[in-house]
Amino acid sequence: MEWDWDFVWQILPTLLEGLKITLLATVLGAAVAAVVGLLFAILRMTAPKPIARTTGFIVEFIRGTPLLVQLYFIFYVLPDIGIRLPALLAGVIGLGVHYGTYAAEVYRAGIENVPRGQWEAAKATNLSGRQTWIHVILPQAIPPMIPALANYLIAMFKETPLLSAITVLELMNQAKSVANSSYRYIEPMTMVGVFFLIMSLISVVFLRWLEERYARVEER
Amino acid sequence: MTDWSGYIGLILQGALVTLELTVMGSVLAVIMAFLAGLGRVSRFMAVRALATTYIEFFRGTSIFVQLFWVYFVLPFAGVTLSPLQAGVLALGLNVGAYGAEVVRGAVKAIGREQREACIALNLTRGQAMRHVILPQALPLMLPTFGNNAIELLKGTAVVSLISLTDMTFQAQVVRSQTGSTLIPFTVILVLYFLMALAISTGMRWLERRVTRGLDGVRT
């Protein structure tokens, strides 16, 4: 079977339609992950011991099981107990919770990497708890987190094709339906690969820049 | 009342396929990781370029897309693979690319003085790599290799979408036959978690094993 450029141009609008959903799912998933991650990190660091340990176990469990099965769980099991979610929402929640557990580790490492002396200095200068967090801890903890978080954002973007398994019409699903109706697999599948490759090459450059900008704070 | 024993057997059969995929995929991944990782620190430009292309390509697209490409597009190029072969190939090549970066990082992390000592002792590059650099780099790689193996285990769920009868696929079969969703999916979630736990415990044991006798060697 030969590569056919006419067919590529013909299916391009459909694929771009799917790309929009892919990007939407990534952005929404990232927002959920950022919030869920913060919640997990706070619970693990400050909650009483039994709650902290339970949270730790939940985080380990989510990290040790496949995202695809978690998506099935959200999409097929929750309706049985009366929670019926649209496919995209279920996908966004799945992505968000899964990557939230990764983000939680990044938050925790970032905050724990702020030297003890900074906390003590804040106390010595009589700052309140709020002031300590806003003016001393977070400004030092957040910049080193940014490259690591961006890394997970890219990883999440690459996982979005899994949403096609729960009927979200994103890039991969559009390509599959085009392929199935025309019996041509080469062009749609390759185009999906090319789209992802281009996007992630761009984001690798962006990530390098972020690392240079933020990762080495202490050297400034 | 549904007869669950048959369905549990079905899921356990799937678990075997998942294990098989994980083991074979890991073997391929380790081979690719060392080939590409050492290729990236080669002194030949062409080898470095080839290794970099491989790594960037497989890290840049997702396992799902690669799997579909291998399974649906390669047949048109005359290469027809069974679902199991396609799954092992895609998983191994994908995780191998991540592993290659680990190998490269660990080899780079061995201090200059070790290389200089090798030159002073008149070891060839091959000898230096085999007897001096790799034995020290291996313990540095193991923890990340463990994480990669768990990523590979999680990746195997995707092969259910190319009709390979792994654990996730069997759970879907059970769901469509019994209409029950909670039990099959909970069972396979727990099984996946137990497998991941086994991998991380095994890797910790291996780590202790290879670092034995290295205490005090490195500062």
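For the structure given in this document, a descriptive report is provided here. (Residues numbered from 1 in each chain as written. Chains lettered and ligands numbered in written order. Predicted model: local features only at pLDDT ≥ 70, side-chain atom pairs only at ≥ 80, totals over all residues. Heavy atoms only, no water.)

Considerations on the overall build of chain A
Selection rule: Only DSSP runs of H or I reaching four residues or more are called helices, and only runs of E reaching two or more are called strands; each is numbered from the N terminus. Residues are treated as being in contact if the distance between any of their heavy atoms lies within 4.5 Å. Using a 1.4 Å probe, accessible areas were evaluated by the Shrake-Rupley method; residue-level cover was limited to the displayed protein chains. Charged residues are defined here as Lys and Arg on the positive side and Asp and Glu on the negative side; His and the ends of the chain fall outside this count. Where a charge lies is defined by one atom per residue type: Lys uses NZ, Arg uses CZ, Asp uses CG and Glu uses CD.
Secondary structure summary: chain A contains eight helices and zero strands in total. For chain A, the sequential pattern of α-helices and β-strands runs α-α-α-α-α-α-α-α. Put simply, 76% of the contacts in chain A that link residues at least 6 apart link residues at least 24 apart. Entry remark: accessible area of chain A is about 11,600 Å², with carbon and sulfur atoms responsible for 65%. A gap of 12 Å separates the mean positions of the 17 positive and 16 negative side-chain charges of chain A.

Let's talk about the overall build of chain B
Our working definition: Exposure classes here rest on a 1.4 Å probe applied to the protein chains alone. A residue is buried below 20% of its type maximum, exposed above 50%, and partly exposed in between.
Of the regular secondary structure elements, chain B holds eight helices and zero strands. A principal-axis box enclosing the C-alpha atoms of chain B has dimensions of 75 × 45 × 20 Å. Across the 219 residues of chain B, 44% fall into the buried class. In chain B, the share of contacts with a sequence separation of at least 24, taken over all contacts with a separation of at least 6, comes to 77%. Here chain B has roughly 11,000 Å² of accessible surface; of this, 65% comes from carbon and sulfur atoms. Across chain B, the mean location of the 17 positive side-chain charges is 9 Å away from that of the 10 negative side-chain charges.

Thoughts on the interface of chain B and chain A
The condition that has to hold: What makes a salt bridge here is a side-chain nitrogen of Lys or Arg within 4 Å of a carboxyl oxygen of Asp or Glu, nothing more. Polar contact criterion, stated in full: a pair of N or O atoms within 3.5 Å, where within protein one must be able to donate a hydrogen and the other to accept it, and residues adjacent in sequence count only if both atoms are side-chain atoms. Gly is placed with the polar residues, together with every amino acid not listed as nonpolar (Ala, Val, Leu, Ile, Met, Phe, Trp, Tyr, Cys and Pro) or charged (Asp, Glu, Lys and Arg).
With 34 residues of chain B at the contact, the number on the chain A side is 36 residues. Applying the counting rule to chain B against chain A returns zero salt bridges. Applying the counting rule to chain B against chain A returns ten residue pairs in polar contact (both at pLDDT 80 or more). Elements with a minimum of two residues in the side of chain B that touches chain A: helix H2 (45–60), helix H3 (63–73), helix H6 (125–155), helix H7 (167–178) and helix H8 (182–211) of chain B. Split into classes, the residues belonging to the side of chain B that touches chain A amount to 21 nonpolar, eight polar and five charged.

Let's talk about a nonpolar patch on the surface
All names here are of chain A. Note the threshold: Residues forming no salt bridge and having over 30% relative accessible area are the ones grouped into patches, like charges within 9 Å of each other and nonpolar side chains (Val, Leu, Ile, Met, Phe, Trp, Tyr) within 5 Å.
A cluster of nonpolar residues, Trp 119, Trp 133, Ile 134, Leu 138 and Ile 142, forms a patch on the protein surface that exposes about 420 Å² of accessible area. At four residues, helix H6 (residues 129–159) tops the list of elements feeding residues into the nonpolar patch. As for its placement among the helices and strands, Trp 133 is situated in helix H6.

Re the environment of Tyr185(A)
With respect to the element layout, Tyr185(A) can be found in the loop between helix H7 (171–182) and helix H8 (186–215). Residues Tyr185(A) and Ala104(A), spaced 81 residues apart in sequence, show a C-alpha to C-alpha distance of 39 Å. Here Tyr185(A) is in contact with Ala179(A), Asn180(A), Thr190(A), Phe72(B), Val73(B) and Phe76(B), once residues within four sequence places are set aside. Looking at Tyr185(A), its side chain comes within polar contact range of the side chain of Asn180(A), at 2.6 Å.

Focus: the packing of helix H1 (residues 4–40) of chain B against H2(B)
Residues and elements named next belong to chain B. Rules: Orientation is described by axes fitted as lines to C-alpha atoms, over the contacting stretch for helices, and by angles from 0 to 180 degrees between their N-to-C directions. For this classification, under 35 degrees means roughly parallel, over 145 means roughly antiparallel, 65 to 115 means roughly perpendicular, and everything else is oblique. In a left-handed crossing the near helix is turned counterclockwise from the far helix by less than a right angle, and in a right-handed crossing that turn is clockwise.
Taken N-terminus to C-terminus, the directions of H1 and H2 make an angle of 130°; their axes are 7 Å apart at the nearest point. Classed by the angle they form, the pair H1 and H2 counts as oblique. In the crossing of H1 with H2, the sense of the turn from one axis to the other is left-handed. Seen from H1, the contacting residues are Met 32, Ala 36, Gly 39 and Arg 40; seen from H2, they are Val 47, Arg 48, Ala 51, Thr 52, Tyr 54 and Ile 55.

Brief notes about the side chain of Glu187(A)
All names here are of chain A. Along the polypeptide, Glu 187 turns up in helix H8. Judged by relative accessible area, Glu 187 falls into the buried class, the value being 0%. At 2.6 Å, the side chain of Glu 187 and the side chain of Arg 184 are in polar contact. When neighbours within four sequence positions are excluded, Glu 187 is seen to be in contact with Glu 2, Trp 3, Asp 4, Phe 7, Val 8 and Ile 11.

Remarks on the packing of aromatic side chains
The cut-off we apply is this: Only rings of Phe, Tyr and Trp enter the pairing, Trp through its six-membered ring, and a pair is recorded when the two centres are within 6.5 Å. The plane angle decides the type: under 30 degrees is stacked, over 60 is edge-to-face, the rest tilted. The criterion for a charge sitting over a ring is simple: Lys NZ or Arg CZ within 6 Å of the ring centre, and within 35 degrees of the ring normal.
If you walk through the whole model with that rule in mind, you get 19 aromatic pairs over all chains. Between the aromatic rings of Tyr72(A) and Phe185(B), the centroid separation amounts to 5.7 Å while the plane-to-plane angle is 35°, which identifies the pairing as tilted. Residue Tyr72(A) is located in helix H3 (residues 67–77), and its partner Phe185(B) is located in helix H8; the two belong to separate chains. When its relative accessible area of 4% is taken as the criterion, Tyr72(A) is described as buried. According to the relative accessible area criterion, Phe185(B) is buried, its value standing at 0%. Arranged with centres 4.8 Å apart and planes meeting at 80°, the rings of Phe64(B) and Phe68(B) form a pair that is edge-to-face. A residue pair is termed a helical-turn pair when its members lie 3 or 4 positions apart in one helix, as Phe64(B) and Phe68(B) do in helix H3 at four residues. On the basis of relative accessible area, Phe64(B) is assigned to the buried category, the value being 2%. Across from the ring centre of Phe7(A), 5.3 Å away, lies the NZ or CZ of Arg184(A), which sits over that ring. When the ring centre of Tyr76(A) is taken as origin, the NZ or CZ atom of Arg175(B), which lies over that ring, is 3.7 Å away.

Observations concerning the layout of surface pockets
All names here are of chain B. Note the threshold: A cavity, in this analysis, means grid points on a 1 Å lattice covering only the protein atoms where a 1.4 Å probe fits yet has no way out; a pocket is instead an open set bounded by protein on both sides within 12 Å along at least five of seven lines, and a residue lines either one if it has an atom within 4 Å of a point. Grid points are joined across faces, edges and corners, and a volume is the space filled by probe spheres set on the points.
Roughly 460 Å³ of volume is contained in the second largest pocket. Taken together, 18 residues make up the lining of the second largest pocket; nearest its centre are Val 41, Arg 115, Arg 125, Ala 128 and Met 129. Among the elements of the structure, helix H4 (83–109), helix H5 (112–120) and H6 are those that each provide at least two residues to the lining of the second largest pocket. Counting residues per element, the lining of the second largest pocket draws most heavily on H6, at five residues. Its residues placed into classes, the lining of the second largest pocket shows eleven nonpolar, three polar and four charged.

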